[in-house]
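Secondary and tertiary structure notes
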Amino acid sequence: MLVKLNEFIPEQSGVVKKIQAEGKIRRRLFDMGITPGAVIVMRKTAPLGDPIEVNLRGYELSLRKSEAECVVMEVEK
Amino acid sequence: MRFALAGNPNSGKTTLFNALTGSTAHVGNWPGVTVEKKSGYYKKLGEKIEIIDLPGIYSLSPYTPEEIVSRNYVLEEKPDCIINIVDSTNLLRNLYLTTQLNELDIPMIVALNMSDVSEKNGDFIDAEKLSEELNVKAVKISALKGSNIKELMEEALKCAKEPKKGVCVVNDGALKGIYKEVYGLYEKENIENPVFHTVKMIEGDSLETEKFPDIEKKCSELKEKIDTGDFEGDFEGVVADLRYKYIDKHYEPSLKKSNKMQGMTKSDKADKVLTHKIWGIPIFLLIMFAVFHLTFSENLLFIGYFIPEGSFDIPILGTDAINSPGVILFNIVDWITSSITEAVGGAMPEGTWYTSLICDGLLSGVFSVLSFIPQILVLFLFLSILEDSGYMARVAFIMDRAFRKFGLSGKAFMPLLMCFGCAVPGIMATRTLENEGERKRAICIAPFFSCGAKLPIWAAFAGVFAQVYSGLNAELIVFSMYLIGIVVAIIGALILKLTAAKGETPPFIMELPNYHAPQFKNLMLHLWDKLKHYIYRAATIIAGAVVIIWFLSSFNFEWQFVEDSGQSILGSIAKLFTWVFVPLGFAMGDDGWKFVVAAITGLIAKEMVVSTLGVFSGLEEDALEMEASDIVSTPLGIMMTGIGGGVLGGVDIAIPAMFSFMCFNLLSVPCMAAVAAASGELNSKKKLWTAIAFWMLTAYLVSLFVFWFGVLATVLWWAALIVGLVIVAVVVTLVVLSTKHIIKMPKFEFLKKLKKNSKKSS
């Protein structure tokens, strides 16, 4: 099932399928390790509901929901 | 020999740099951008080696100033060796930059930092195996403990003496054919670093394609034939993907997982509490309160409430309460400087111009700036602790949503909060903001937050007015000034977002580093760095400005020394320009020019406002040292309550004029120290003047509005209420609309056209 990263609930994990962003943001996502095939675990949302914290490639990354919306994921569990 | 230090942010780069160079570092900016440039020397190997600290980066993309600076440095300055520091606890992502740096023909060595921590977490890295796999020498170090650093430098020196060829990791999969062909094109032209250029060209990197348009043409022809599958022709993505695939493949063999339980690390546990959905914000507020309490409070831990009045009065330490460390340090410095001024003043003949120059001009001016240092340092100490420990990234995480609406990210919160204490460290702290536009916006609204030096102005006016007008409440007046500052800052940020410092809300894709204990030595080096800069500014720009102002306020146009500054050059000029301020109310009446001069001296330092008014009224004591209740019956109190000439057309306008005067002081140029700090951070004369113009214009317009709104409220309170409600409604609608991007576009286009036209005509 394909779901966007911003729709993930805490502890849910999945594999990156596609990045639907352009330019700077796209490159930034790649540079931080969000490339197709990367496994991402959703950790939590910030107290005010945005941004979110995820775990990938052994580290914690925070990104806004609007940026997470660009990441199309295949849900694992 | 010159070695460049490169690595991800939070990889321990600064720690290693400090360990290598001690305190010999020289700090400057890279030309053209506000990216810090540090260099220092390593001398322990007989040979003097210069270490250049490149900015912390994740990649060598052409998108951020840090990355462009780093890339230009390694390509153009050709260091003898690159020391690539990587965080062993986050090796996968850190090696991504390593694969990019390794494409260069410059010798390179990898420093596996924090390997002791990763071993504690159960990951054992085999450095030799990793060196083999990645084609680059790797050495385990601990920058924190200083272990293995000499070995690292010895190996680096060995590497530097051997020639090196770039290593390509993306000559695989879809890129196999095209890589070879493009590489051939670069080799034919005899260009240095062919591997690096080839990969950049395939990525379609804008800096690369502009530089080699001929190769670009051939490369894009070749690209058209390639099937990139899911990437749909996005070669930047293909390259990033290949890099990570390569790292995944070659990193596994060098990693041995121990049998330790892989449970939650300490950092995870801390995060569970500190960014908790419910407790995150209260804990954050508590930490902030503690920081300000320890810096500015004169009633530490509220002990004063439990001690009966008059029980003790110890100089420096406190009266009926204990001062916070910040205030104690402040008192010590104050005591030293005032003793010096007194001693110098006593030794010199009274009433001469040179005594005045030394005591009233130079010493009091420079000392008033130096007196901020203790509290700035204490604030910076706490800030550095929060930053070093990794908590600051969480603050940004918690606050981002609230700030995004105003074109700022969560990272802007801390610098702006510091401005309530003092705008100088606040403006200096904007350096942590990545985005140039965001940094400029933050600096522009920084002075609107009511700082510590403005408080005496509010206290004096509020105190005096509350005694004369029984309907006024002093605390409410002071509070309203803080509130006005915040509201104007929010509106200002929105206006800037739509106009001058344009640009969309910066992205917020940020690493949340592991928590770790801050290092004493690093903290001290950091503080010393800030202190040096500040003292340098105090000694040059500020001292110069102070002497000029002293001269202008002590001499008249016949070059005679005058005691009454009303007769001085500054006084005459102020009188000449008083009409500019008449619409603001406070410049009306016979005493109007005095308030104008006070406001103008306030541009130098806000502490001078009340003192200047005191001097004009003929008050013998220093007004800053007096309680508001004592001021009321003095000439100063009478002058203050008569602000604006007292009556206009039968209406008492003193209260509106007072608010107008306070607003002008709240929003105009805060002080010369802040201007110096802003000039350092904006790094451009034009931007600095724009910021100054923005502050003055805002101050003028808001004061103008406040005064006439106040007059209206005095005459017809219900009319003012209606006007007020309408304005609030309009502002709220504008805020809502602009945050929803409904009114953003038309304004944007209109301004762009305007700019184009003005460029054409010039």
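Conventions used here
- Residues numbered from 1 in each chain as written.
- Chains lettered and ligands numbered in written order.
- Predicted model: local features only at pLDDT ≥ 70, side-chain atom pairs only at ≥ 80, totals over all residues.
- Heavy atoms only, no water.
- Helix = DSSP H or I, 4+ residues; strand = E, 2+ residues; numbered from the N terminus.
- Rg over C-alpha atoms; globule rule 2.2 N^0.38 Å.
- Buried < 20%, exposed > 50% of the residue type's maximum accessible area, 1.4 Å probe, protein only.
- Contact = heavy atoms within 4.5 Å.
- Areas by Shrake-Rupley, 256 points an atom, 1.4 Å probe, with all protein chains shown as cover.
- Lys, Arg positive; Asp, Glu negative; His and termini not counted.
- Charge placed at Lys NZ, Arg CZ, Asp CG, Glu CD.
- Phe/Tyr/Trp six-rings, centres within 6.5 Å; stacked < 30°, edge-to-face > 60°.
- Lys NZ or Arg CZ within 6 Å of the ring centre and 35° of its normal.
- Pairing = 2+ DSSP bridges.
- Patch = residues over 30% accessible without salt bridge, like charges linked within 9 Å, V, L, I, M, F, W, Y side chains within 5 Å.
- Salt bridge = Lys/Arg side-chain N within 4 Å of Asp/Glu carboxyl O.
- Arc of directions from axis to C-beta.
- Polar contact = N/O pair within 3.5 Å; in protein donor to acceptor, adjacent residues only side chain to side chain.
- Buried area = accessible area lost by both parts, 1.4 Å probe.
- Expected span 1.5 Å × (residues − 1).
- Domains from an automatic or database assignment.
- Axes fitted to C-alpha atoms, helices over the stretch in contact; angles between N-to-C directions.
- Parallel < 35°, antiparallel > 145°, perpendicular 65-115°, else oblique.
- Nonpolar A, V, L, I, M, F, W, Y, C, P; charged D, E, K, R; others polar.
- Core = buried A, V, L, I, M, F, W, Y, C linked by side-chain atoms within 4.5 Å.

Moving on, we get to the overall build of chain B. Counting secondary structure elements, chain B contains 33 helices and 14 strands. By the compact-globule yardstick of 27 Å for 762 residues, chain B fits well, its C-alpha radius of gyration being 30 Å. Counting every position in chain B, which comprises 762 residues, the buried fraction comes to 54%. Restricting to contacts in chain B with at least 6 residues of sequence separation, those with at least 24 account for 69%. By element, 63% of the accessible surface of chain B is carried by carbon and sulfur atoms, the whole surface being about 34,700 Å². Computed over 70 positive and 79 negative side-chain charges, the separation of the two mean positions in chain B equals 7 Å.

What follows covers the side chain of S703(B). With respect to the helices and strands, the residue S703(B) is situated in helix α31 (residues 685-715). With relative accessibility at 0%, the residue S703(B) sits in the buried group.

Turning our eyes to something else, we now look at the packing of aromatic side chains. What the rule picks out here adds up to 24 aromatic pairs over all chains. Ring centres 5.7 Å apart and planes at 90° place the aromatic pair W353(B) and Y354(B) in the edge-to-face group. Here F586(B) and F661(B) contribute two aromatic rings whose centre-to-centre distance is 5.1 Å and whose plane-to-plane angle is 75°, an arrangement assigned as edge-to-face. Remark: F661(B) occurs in helix α29 (residues 654-667) and F586(B) occurs in the loop between α24 (569-581) and α25 (592-604); sequence separation between them is 75 residues. The class for F661(B) is buried, based on a relative accessible area of 0%. In this structure an aromatic cluster arises from ring pairing among F461(B), F465(B), Y469(B), F581(B), F586(B), F595(B), F661(B) and F664(B). Above the face of the Y244(B) ring, R57(A) is positioned so that its terminal group lies 3.8 Å from the ring centre. Seen from the ring of W593(B), K575(B) lies directly overhead, with NZ or CZ sitting 4.5 Å from the centre.

The next thing to look at is the pairing of strand β6 (residues 71-75) of chain A. Residue and element names in this part refer to chain A. In terms of burial, β6 is largely enclosed, as four of its five residues are buried. Here five bridges tie strand β2 (residues 13-19) to β6, and the two strands are oriented antiparallel to one another. When the sheet's bridge partners are listed, K18 is paired in β6 with V72.

On to a nonpolar patch on the surface, then. Taken together, the side chains of V715(B), L716(B), W717(B), W718(B), L721(B), I722(B), L725(B), V726(B), V730(B) and L734(B) define a hydrophobic patch exposed on the protein surface, amounting to about 1,000 Å² of accessible area. Turning to its location among the elements, W718(B) is positioned in helix α32 (residues 717-739).

Residue and element names in this part refer to chain B. Among all positions in helix α5 (residues 127-134), only A127, L130, S131, E133 and L134 are buried. Buried positions in α5, seen along its axis, are confined to an arc of 170° and lie on one side of it. Exposed and oriented more than 90 degrees from the buried face of α5 are E128 and E132. Where α5 starts, the residue carrying a side-chain oxygen 3.2 Å from the main-chain nitrogen of E128 turns out to be D126. One or two steps after α5, the chain reaches N135, where phi turns positive at roughly 65°.

Moving on, we come to the interface of chain A and chain B. In this assembly, 35 residues from chain A lie in contact with 48 residues from chain B. Together, the buried faces of chain A and chain B total about 3,700 Å²; carbon and sulfur atoms form 55% of this surface. One can count seven salt bridges joining chain A with chain B. In this structure, D248(B) engages R57(A) in a salt bridge whose closest nitrogen and oxygen atoms are separated by 3.6 Å. The interface formed by chain A and chain B includes 19 residue pairs in polar contact (both at pLDDT 80 or more).

It is worth spelling out the pattern of salt bridges at this point. Residues and elements named next belong to chain B. In total, this model carries 26 salt bridges over all chains according to the counting rule given. A salt bridge links E47 to K161, with the nearest nitrogen and oxygen atoms 3.8 Å apart. Here the residue E47 occupies a position in strand β4 (residues 47-53), and K161 occupies one in helix α6 (residues 149-161), the gap between them amounting to 114 residues. A salt bridge links D205 to R71; its shortest N-O distance comes to 2.8 Å. You can see D205 sitting in the loop between α8 (194-203) and α9 (206-211) and its partner R71 sitting in helix α2 (residues 65-77), a full 134 residues away along the chain. On the basis of relative accessibility, which here comes to 4%, the residue D205 falls in the buried class. Residue class for R71 comes out buried when judged on its relative accessible area of 3%.

Below, the discussion takes up helix α11 (residues 235-251) of chain B. Spanning 17 residues, α11(B) covers 24 Å between terminal C-alpha atoms, matching the ideal 24 Å at 1.5 Å per step. Most of α11(B) sits out of view: 14 of its 17 residues are buried.

Moving on to the domain arrangement of chain B. All names here are of chain B. Under the domain assignment used here, chain B contains domain 1 (2-161), domain 2 (173-257) and domain 3 (729-762). One C-alpha centre belongs to domain 1, the other to domain 2, and the line joining them spans 24 Å. Listed by partner, the interface residues are 27 residues for domain 1 and 26 residues for domain 2. The contact between domain 1 and domain 2 buries some 2,600 Å² in all, and 58% of this surface belongs to carbon and sulfur atoms. Contact with domain 2 buries area across many residues of domain 1, yet L92, Y96 and E103 alone supply 24% of it, more than any other trio. At the junction of domain 1 with domain 2, the criterion picks out three salt bridges.

In this section: the pairing of β2(A). A regular strand places its side chains so that they alternate between the two faces of the sheet. All names here are of chain A. A large share of β2 lies buried, amounting to five of its seven residues. Strand direction decides the pairing type here: β2 and strand β3 (residues 39-45), joined by three bridges, are antiparallel. Within the sheet, the bridge partner assigned to G14 lies in β3 and is I40.

Moving on, we come to the packing of helix α1 (residues 23-31) of chain A against helix α3 (residues 91-101) of chain B. The N-to-C vectors of α1(A) and α3(B) enclose an angle of 110°; their axes lie 10 Å apart at closest approach. With respect to each other, α1(A) and α3(B) are oriented roughly perpendicular. Here α1(A) contributes R27(A), F30(A) and D31(A) to the contact with α3(B), which in turn contributes R93(B), Y96(B) and Q100(B). Per-class residue counts for the contact of α1(A) with α3(B) are two nonpolar, one polar and three charged.

Ranked by internal contacts, the top residues of the largest apolar core, which has 114 residues, are F461(B), F586(B), I643(B) and F661(B). Formed by 88 residues, the second largest nonpolar core is a distinct cluster that contains I19(A), Y58(B), A127(B) and V169(B).

All names here are of chain B. Relative to the helices and strands, S70 is located in helix α2. When its relative accessible area of 1% is taken as the criterion, S70 is described as buried. With sequence-adjacent residues up to four places away left out, S70 is seen in contact with L54, P55, I57 and L60.

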